[in-house]
Amino acid sequence: MTAPGILLSVVVPTYNYGHLLGRVLDSVLNQLNDECELVVIDDGSTDGTPKLLESIAAGHPSGFHWLRQDNAGAAAARNTGLRASRGSHVLFLDADDELLPGALAAICSAFRDEPGATVVIGGRLTRWPDGREKRHSPPRRMDDDPCRRVAGHLLDKTISVSHGAVAVERRLIESRPYPEAFRGREDIPVSAHWLARGRIKVIDVPLVRIHKHPDSLRHAVKVSEPLERALADEIFRGLPDECQKLKPTYLAQRYLALSRAAAQTGERSRAGKYLMAGLRADPMRLLARGQLRKLVRAWLGVCLRRSG
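Residues numbered from 1 in each chain as written. Predicted model: local features only at pLDDT ≥ 70, side-chain atom pairs only at ≥ 80, totals over all residues. Heavy atoms only, no water.

Notes on the overall build of the protein chain
Alright, step 1. Counting secondary structure elements, the protein chain contains eleven helices and nine strands.
Alright, step 2. Taking 19 Å as the expected radius of gyration for a compact globule of 308 residues, we find that the protein chain reaches 20 Å, a close match to that expectation.
Alright, step 3. For the protein chain, the spread of C-alpha atoms along the three principal axes comes to 65 × 45 × 35 Å.
Alright, step 4. When contacts within the protein chain are restricted to residue pairs at least 6 apart in sequence, those whose partners lie at least 24 apart make up 79%.
Alright, step 5. As displayed, the protein chain has an accessible area near 14,700 Å², and 52% of this comes from carbon and sulfur atoms.
Alright, step 6. Distance between charge centroids for the protein chain: 8 Å, based on 46 positive and 36 negative side chains. (Helix = DSSP H or I, 4+ residues; strand = E, 2+ residues; numbered from the N terminus. Rg over C-alpha atoms; globule rule 2.2 N^0.38 Å. Contact = heavy atoms within 4.5 Å. Areas by Shrake-Rupley, 256 points an atom, 1.4 Å probe, with all protein chains shown as cover. Lys, Arg positive; Asp, Glu negative; His and termini not counted. Charge placed at Lys NZ, Arg CZ, Asp CG, Glu CD.)

Listed below in structure tokens is the structure:
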């Protein structure tokens, strides 16, 4: 439900990230204004997260509120945050990252300057534990064809849609909520939907710093054939009819990834099975940029281990 004057809601789901949460919340609170709000959803944390949130709420009586729910996963927490927020547009932000200074002002200005836009995509920074940092700029131009945008995101990796670097009109999110059955990679179906259905404005401004760290919950997802097939079905379930032709190619790409993963762990039989499945789905995908090289490298590793 929207509230007059609230243009942008920042929604942060969190689970046992109490040791990192202060960083991301400070990064948002330091730039809050009358047209922005911050909503945090504690997804049943068992650490000190509730006490931290209570303390922050006491010092910020307006513009910040938080809710606690039984652990249900990041997708459910984001959907809860969407329902609890009041802005006409929403920015989802992960609890282990941080918003860059000026990000909220840049996003709000973009929506005001182009009222017809329903998606604003900016750049991002990636930081590793050793202090290395890389800037990722958004595409200079977004294709007018929605299916080419989806292909750029799912297949060619030329369009990145990262939490913290994309803000979306509430109605567009509500038309395709996060799939709560998935505990990981649940952002892919919704980001494909935003690209296919949204009117997109690109701003060459870095909006978020994404922190890579070994205990990230992003690493906890176990890849499997049933998961990949279920995820493919979920991604394409809500896409336009003309984009359905991309599904075999996407499945082929995922099977090739499964083949590489099996080869790297010495599972030759499974690696061969997934390779053949990928070729059946779309044999031309093997010739796509980088696919053959990565597959050969994985299989060479198997051969070297056997000869050793």
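With respect to the state of the cysteines
Alright, step 1. Following the criterion strictly, the structure yields one disulfide and no others.
Alright, step 2. Here Cys147 pairs with Cys243 through a disulfide, and the sulfurs are 2.2 Å apart. Looking down the S-S bond of the Cys147 and Cys243 bridge, the torsion is -95°, so its handedness is left-handed. Residue Cys147 is located in helix H5 (residues 146–154), and its partner Cys243 is located in the loop between helix H8 (225–237) and helix H9 (247–264); the two are separated by 96 residues in the primary sequence. Judged on exposure class, the residue Cys147 and its partner Cys243 are both buried.
Alright, step 3. Cysteine Cys36 shares no disulfide, and the gap to the nearest cysteine sulfur, in Cys108, comes to 3.7 Å.
Alright, step 4. Judged by relative accessible area, Cys108 falls into the buried class, the value being 0%. (Disulfide = S-S within 2.5 Å. Buried < 20%, exposed > 50% of the residue type's maximum accessible area, 1.4 Å probe, protein only.)

Structural notes on the nonpolar core
Alright, step 1. Within the largest apolar cluster, 35 residues are counted, with the highest numbers of intra-cluster contacts made by Val12, Leu25 and Leu38.
Alright, step 2. Elements with a minimum of two residues in this core: strand E1 (8–14), helix H1 (18–29), strand E2 (36–42), helix H2 (49–59), helix H4 (103–113) and strand E9 (200–211).
Alright, step 3. Per-element tally for this core: the top contributor is H4, with seven residues.
Alright, step 4. When residues no more than four places from it in sequence are discounted, the contact partners of Leu38 are Val10, Val12, Leu25, Val28, Leu29, Leu32, Gly63, Phe64 and His65.
Alright, step 5. Listed in part, the 22 residues of the second largest apolar core include Val39, Leu82, Trp194 and Leu195. (Core = buried A, V, L, I, M, F, W, Y, C linked by side-chain atoms within 4.5 Å.)

Overview of the side chain of Glu37
Alright, step 1. Structurally, the position occupied by Glu37 is in strand E2.
Alright, step 2. Within the structure, Glu37 has its side chain in polar contact with the side chain of Ser9 (distance 2.6 Å).
Alright, step 3. In this structure the side chain of Glu37 is engaged in a polar contact, spanning 2.6 Å, whose partner is the backbone nitrogen of Arg86.
Alright, step 4. Not counting chain neighbours up to four residues away, the residues in contact with Glu37 comprise Ile6, Leu8, Ser9, Val10, Leu32, Gly63, His65, Ser85, Arg86 and Gly87. (Polar contact = N/O pair within 3.5 Å; in protein donor to acceptor, adjacent residues only side chain to side chain.)

Focus: unusual backbone geometry
Alright, step 1. Of note in the backbone geometry, Asn16 takes a positive phi value of approximately 55° without being a glycine.
Alright, step 2. Position of Asn16 relative to the elements: it lies in the loop between E1 and H1.
Alright, step 3. For Lys157, which is not glycine, the phi dihedral falls at a positive 60°.
Alright, step 4. Within the element layout of this structure, Lys157 appears in the loop between H5 and strand E8 (166–169).

Section: the packing of H5 against helix H7 (residues 187–197)
Alright, step 1. At a minimum axis separation of 8 Å, H5 and H7 run at an interaxial angle of 150°. In terms of their interaxial angle, H5 and H7 are classed as roughly antiparallel. Handedness of the crossing formed by H5 with H7: right-handed. Counted together, Pro146, Arg149, Val150, His153 and Leu154 of H5 and Ile188, Ser191, Ala192, Leu195 and Ala196 of H7 form the full contact between these two elements.
Alright, step 2. For the contact of H5 with H7, the residue count by class is seven nonpolar, two polar and one charged. (Axes fitted to C-alpha atoms, helices over the stretch in contact; angles between N-to-C directions. Parallel < 35°, antiparallel > 145°, perpendicular 65-115°, else oblique. Left-handed = near helix turned anticlockwise from the far one by under 90°. Nonpolar A, V, L, I, M, F, W, Y, C, P; charged D, E, K, R; others polar.)

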